[in-house]
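Breakdown of the fold
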Amino acid sequence: MLEELVQILANEREVGAYFRLTLLAPEIARRVQPGQFVHIRILPMRDALLRRPFSVFQAAGDNLSILYKVVGKGTAVLSRMQAGDQLGALGPLGHGFTVPKSSGEKPLLVAGGYGMAAMYLLAQRSPRPGVVFVGGRRRVDILCEQEFRALGWDVCATTEDGSYGHRGLVTEPLVTELRRDAKRKRLFACGPTPMLKAVARIADDFDVPAELSMDEHMCCGVGVCLTCVIPVKSADGWEYQRTCTEGPVFDSKEVLWEVPR
Ligand SMILES: Cc1cc2nc3c(=O)[nH]c(=O)nc-3n(C[C@H](O)[C@H](O)[C@H](O)COP(=O)(O)OP(=O)(O)OC[C@H]3O[C@@H](n4cnc5c(N)ncnc54)[C@H](O)[C@@H]3O)c2cc1C
Ligand code: FES
């Protein structure tokens, strides 16, 4: 894990409230694994000590990029920063996805909104292409479809308002696919908690392995403050684990969705 003062190379609107930020961050870019994240200190903010976590979307040579949605004050300040400005970046952090093997199960990725950002490196480093199920409320929430297709992956898009792809939830075509053939498939999911919970249930129903990138609020990002803990199964029953260090990616069979009484 490294702390780098990194330079913004580009920070441009992708679509709607989504921006693509490209950073010159050689040390982190070289080490990052799919599903890991960077903890960004937005220097112009008054409370710049509080960092924001973002999945690494792409990494190439000395550069890495992030795909982010403007949702609050940190991301709003970030969206106004320009090429040449600097940020503090701590990373790569966390435990990421298991990269599929060429002889292993077919990867099925399930992404909601900016969850797509955590999936690209995994697709790029997978020796065999699979299918990406991507969902959002509206068409503008369906991100970087062409980039996945360019890697040879099939993309199945769903929107809740039917403005693009199938109308409905991202889990519906996933279930159709698994009903067709669930053998030798592995699920990888990143998105809002209700979607992750649904994917875990589907993985159970069809008895397929699944890895989930949990979306929890984080403070320190390095295992100290315990803001980000979730209950997971353990040898003695259950225990809290930190999504910033033991996660964000967990085996779906280990995650407990409520604290046991
Ligand atoms: C491991 C990890 C990877 C992430 N990767 C990405 C990514 O690739 N792209 C991206 O756009 N966002 C990502 N996020 C979410 C991102 O960190 C938050 O959207 C960001 O911190 C919000 O900062 P803010 O100051 O703009 O919002 P705030 O002003 O702090 O909050 C605005 C709203 O966003 C909500 N919010 C804040 N943090 C989170 C969170 N972690 N999850 C859900 N809602 C949150 C708040 O509850 C509030 O409703 C990731 C989060 C985690 C934990
Ligand atoms: S964010 Fe501090 S322990 Fe995870």
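Here goes a summary of the coordinates provided. All figures in this text were calculated on a predicted structure; none of them were measured in a lab. Position numbers for residues start from 1 in each chain and track the written sequence from start to end. Chains and ligands are labelled sequentially in the order written, the chains with letters from A and the ligands with numbers from 1. The predicted nature of this model means local features are confined to residues of pLDDT at least 70 and side-chain atom pairs, given and counted, to a pLDDT of 80 or more, with totals for whole chains, interfaces and linings taken over all residues.

Describing helix H6 (residues 193-206)
Put simply, DSSP marks the helices as runs of H or I at least four residues long and the strands as runs of E at least two long, and each gets a number from the N terminus on. Take the residue count of a helix, subtract one, and multiply by 1.5 Å to get its expected span. When the terminal C-alpha atoms of H6 are compared, their 20 Å separation across 14 residues agrees well with the 20 Å that a helix rising 1.5 Å per residue should span. Structurally, H6 contributes buried residues whose contacts are with strand S8 (106-112), helix H5 (171-180), strand S12 (185-190) and strand S13 (210-213). Asp207 lies just past H6 and shows a positive phi near 55°. Here, residue contact means that the backbone-derived C-beta atoms of the two residues sit within 7 Å.

A short note on the sheet that holds strand S2 (residues 18-24)
Strand pairs in the sheet, formed through backbone hydrogen bonds, run parallel or antiparallel to each other. Any two strands are treated as partners once DSSP identifies two or more bridges connecting them. With antiparallel pairing, the 7 strands of this open sheet are ordered in space as S4-S3-S7-S1-S2-S6-S5. Whereas interior strands pair on both sides, the edge strands pair on one side only; in this sheet they are strand S4 (52-55) and strand S5 (58-60). The mean angle between the axes of side-by-side strands here comes to 35°, regardless of whether they run parallel or antiparallel. Here strand S3 (residues 37-41) runs beside S4; their pairing, made up of 4 bridges, is antiparallel. Residue pairing in the sheet places Val38 in a bridge with Phe54 of S4. Between N-to-C directions, angles cover 0 to 180 degrees, with each direction set by a line fitted to C-alpha atoms, over the stretch in contact for helices.

So, the pairing of S2
Looking at chain direction, strand S1 (residues 2-15) and S2 are connected through 7 bridges and run antiparallel. The residue of S2 that forms the bridge with Ala10 is Thr22. Adjacent in sequence and paired antiparallel, S1 and S2 are bridged by 2 residues, among which Gly16 carries a positive phi angle near 50°. As judged from the 7 bridges shared by S2 and strand S6 (residues 63-69), these two strands associate in the antiparallel manner. Bridged to Leu24 within S6 is Asn63.

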